[in-house]
Amino acid sequence: MATIAVYSVKGGVGKTTFAVNLAWCAAQISRRRTLLWDLDASNGSGFLLGVDPRKKRTADTVFAAERGPDKLIQRTAYPTLDLLPADESIRTIGRQLDAIGKKKRLAKLVETLSRDYERILFDCPPVLNELSTQVMRAADLVIVPLPPSPLSARAFDLVVDEVRGSGKGHPPILPVLSMLDMRRALHKQAREANGNWPVVPLASAIEQCAVERKPVGAFAPRSAAARAFAHLWAAIERKLAEK
Ligand SMILES: Nc1ncnc2c1ncn2[C@@H]1O[C@H](COP(=O)(O)OP(=O)(O)OP(=O)(O)O)[C@@H](O)[C@H]1O
Ligand SMILES: [Mg+2]
């Protein structure tokens, strides 16, 4: 079992897009039993997977140990991909975890879930709090989407510092250039400066995910965008195998 967090303190960099598409690759390409755990109150992952939210706001109850996570998990259209959805109730969970002082809450939940899943991916909100600290502690690998700019490497170093700050032995961190458009001079420059970072291109097929409410591999499998996610997923599996 391996846990992969998609994280950055910056908003709108492609975290949810990555989490949904990579979870789909894990389930549909690698045929892993996969859980996508949405930790962002806006429930973007659920939306992109075409899973409609429940009426009751219950996402926080999984942390309160009131119910096992299995009661909250929803099936998706893809046989080996399940979703642990988020809703507004999760917005204050970082503070609540801090207050109750349960530092291993998330790790324990992951342990329980590892009986049923081979890959767990976290779609994180762009915040730094007790919840993100616990995610970093439970993650085997952290994926950081970075919009291309001459300052990408610096932005990445800042995230590394943040992750490092969340505990002693932090997990390996993989930077990925997100929304790369090689027609733009600054993007080209960022690509050249970070030649060994994986890339996800700026693509209308990726924007289309929100219209189709499907991962790009499910409706445009031959697109450059779908190939980029498949390629990135293969790199992630290789990195996990090194551990
Ligand atoms: N490679 C891409 N090509 C085109 N559009 C993209 C790409 N990646 C993301 N987007 C678009 O950028 C917007 C932000 O993406 P996304 O929601 O994945 O970011 P996020 O980091 O999860 O944001 P937040 O911090 O608000 O949770 C979305 O409208 C998404 O469709
Ligand atoms: Mg998001």
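Predicted model only: the values in this text are computed from it and were never measured. (Residues numbered from 1 in each chain as written. Chains lettered and ligands numbered in written order. Predicted model: local features only at pLDDT ≥ 70, side-chain atom pairs only at ≥ 80, totals over all residues.)

Novice: I keep staring at the nonpolar core and nothing clicks. Help me out?
Specialist: With 70 residues, the main nonpolar core has Ala-5, Leu-22, Ala-23, Leu-121, Val-135 and Phe-229 as its most contacted residues. No other element matches the nine residues that helix α1 (residues 15-29) contributes to this core. Residues contacting Leu-121, with those up to four places away along its chain left out, are Ile-4, Val-6, Ala-19, Leu-22, Ala-23, Ala-26, Thr-34, Leu-36 and Trp-37. (Core = buried A, V, L, I, M, F, W, Y, C linked by C-beta atoms within 7 Å. Buried ≥ 20, exposed ≤ 12 C-beta atoms within 10 Å, placed from the backbone. Helix = DSSP H or I, 4+ residues; strand = E, 2+ residues; numbered from the N terminus. Contact = placed C-beta atoms within 7 Å.)

Novice: Is there a simple way to think about the site of ligand 1 in this case?
Specialist: Gly-11, Lys-15, Thr-16, Thr-17 and Ile-206 are the nearest of the 18 residues found near ligand 1. Within the shell around ligand 1, the residues separate by chemical class into eight nonpolar, seven polar and three charged. (Near = placed C-beta within 6 Å. Nonpolar A, V, L, I, M, F, W, Y, C, P; charged D, E, K, R; others polar.)

Novice: Looking at this structure, how should I read helix α10 (residues 224-242)?
Specialist: Side chains three or four residues apart in an α-helix point the same way, a direct result of the helix having 3.6 residues per turn. Here α10 is 19 residues long and its end C-alpha atoms lie 27 Å apart, about the 27 Å a rise of 1.5 Å per residue gives. Looking only at α10, the buried set comprises Ala-225, Ala-226, Ala-228, Phe-229, Ala-230, Leu-232, Trp-233 and Ile-236. (Expected span 1.5 Å × (residues − 1).)

Novice: Would you mind going over the pairing of strand β1 (residues 2-6) with me for this structure?
Specialist: The side chains of a regular strand alternate between the sheet's two faces. With five of its five residues buried, β1 lies for the most part within the structure. Residues Ala-2, Ile-4 and Val-6 point to one face of β1 and Thr-3 and Ala-5 to the other, with burial holding for every one of them. The pairing of β1 with strand β6 (residues 141-146) spans three bridges and is classified as parallel. Within the sheet, the bridge partner assigned to Ile-4 lies in β6 and is Leu-141. (Pairing = 2+ DSSP bridges.)

Novice: So what exactly am I meant to see when it comes to the sheet that holds strand β2 (residues 34-38) here?
Specialist: In a beta sheet, neighbouring strands are held together by backbone hydrogen bonds and run either parallel or antiparallel to one another. The eight strands are arranged β3-β4-β2-β5-β1-β6-β7-β8 in an open sheet whose pairing can be described as mixed. On the outer flanks of this sheet lie β3 (74-75) and β8 (199-201), each paired with one strand and no other. Summarising the sheet, strand β7 (residues 173-180) and β8 pair through three bridges and their orientation is parallel. Across the sheet, the residue bridging to Ser-178 is Val-200, located in β8. Packed onto the sheet, α1 meets β1, β2, β4 (81-84), β5 (119-123) and β6 and runs at close to 170° relative to β5. Each of β1, β6, β7 and β8 touches α10; the most contacted strand, β8, lies at about 165° to it. (Axes fitted to C-alpha atoms, helices over the stretch in contact; angles between N-to-C directions.)

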